[in-house]
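# Coordinates in review
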Amino acid sequence: MSTGLLLTGCGLFILAQVFVWFSANAQFMSGFIGKHSFIIAIMASLPITIICYYAGRFTYAAMDESAWAVRFIAFGASWAVFPALTWWLLGEPMFTPKTLVCTLLALIIVAIQLFWK
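Residues numbered from 1 in each chain as written. Predicted model: local features only at pLDDT ≥ 70, side-chain atom pairs only at ≥ 80, totals over all residues. Heavy atoms only, no water.

### As for the overall build of the protein chain
We apply this condition: Only DSSP runs of H or I reaching four residues or more are called helices, and only runs of E reaching two or more are called strands; each is numbered from the N terminus. A 1.4 Å probe rolled over the protein chains alone gives each residue an accessible area, and that area as a share of the maximum for its type sets the label: buried under 20%, exposed over 50%, partly exposed in between.
In terms of helices and strands, the protein chain carries five helices and zero strands. Ordered by position in the sequence, the α and β elements of the protein chain form the string α-α-α-α-α. Along the longest, intermediate and shortest principal axes, the C-alpha atoms of the protein chain span 45 × 35 × 20 Å. Looking at the protein chain as a whole, 31% of its 117 residues are labelled buried.

This is the structure:
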């Protein structure tokens, strides 16, 4: 396993999830972002696709060519980003029992992919 490729892939998946969060949830924000959320979503679609493409490529190479590992790492990245941004920007609590358990399960899924040989 190449640590450099894995870190690059994970970093790109996290970046992609930040863009995905804004593209899907900017509509719930007030001000300029909320008023122009559809345009933001359209403009973000191509960068999201390119970032996910390379994130998948690097992670696939790092994880001994396992598409399942790529999928679960991308899923885990979404759970690292979504609760934090939703709490910070929309004011919805991330520290509810249900959210904490789901976040823990996402972290366990990623850990299984990384450490279970």
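### Comments concerning helix H1 (residues 3–25)
The α-helix advances 3.6 residues per turn, and as a result positions three or four apart in sequence lie on the same side. Here is the rule: Every helix has an expected span of 1.5 Å times one less than the residues it contains. Residues are treated as being in contact if the distance between any of their heavy atoms lies within 4.5 Å.
With 23 residues, H1 extends 32 Å from end C-alpha to end C-alpha; this agrees with the ideal 33 Å at 1.5 Å per step. Among the residues of H1, Leu6, Gly9, Leu12, Phe13, Ala16, Gln17, Trp21 and Asn25 are the ones counted as buried. Lining the buried residues of H1 we find helix H3 (37–62), helix H4 (67–90) and helix H5 (97–115).

### Focus: H5
Filter applied, for reference: The directions considered for the arc run from the helix axis to the C-beta atoms.
When the terminal C-alpha atoms of H5 are compared, their 26 Å separation across 19 residues agrees well with the 27 Å that a helix rising 1.5 Å per residue should span. The complete set of buried residues in H5 reads Thr99, Ala106, Val110 and Leu114. Buried positions in H5, seen along its axis, are confined to an arc of 75 degrees and lie on one side of it. Within H5, the exposed residues directed more than 90 degrees away from the buried face are Pro97, Lys98 and Phe115.

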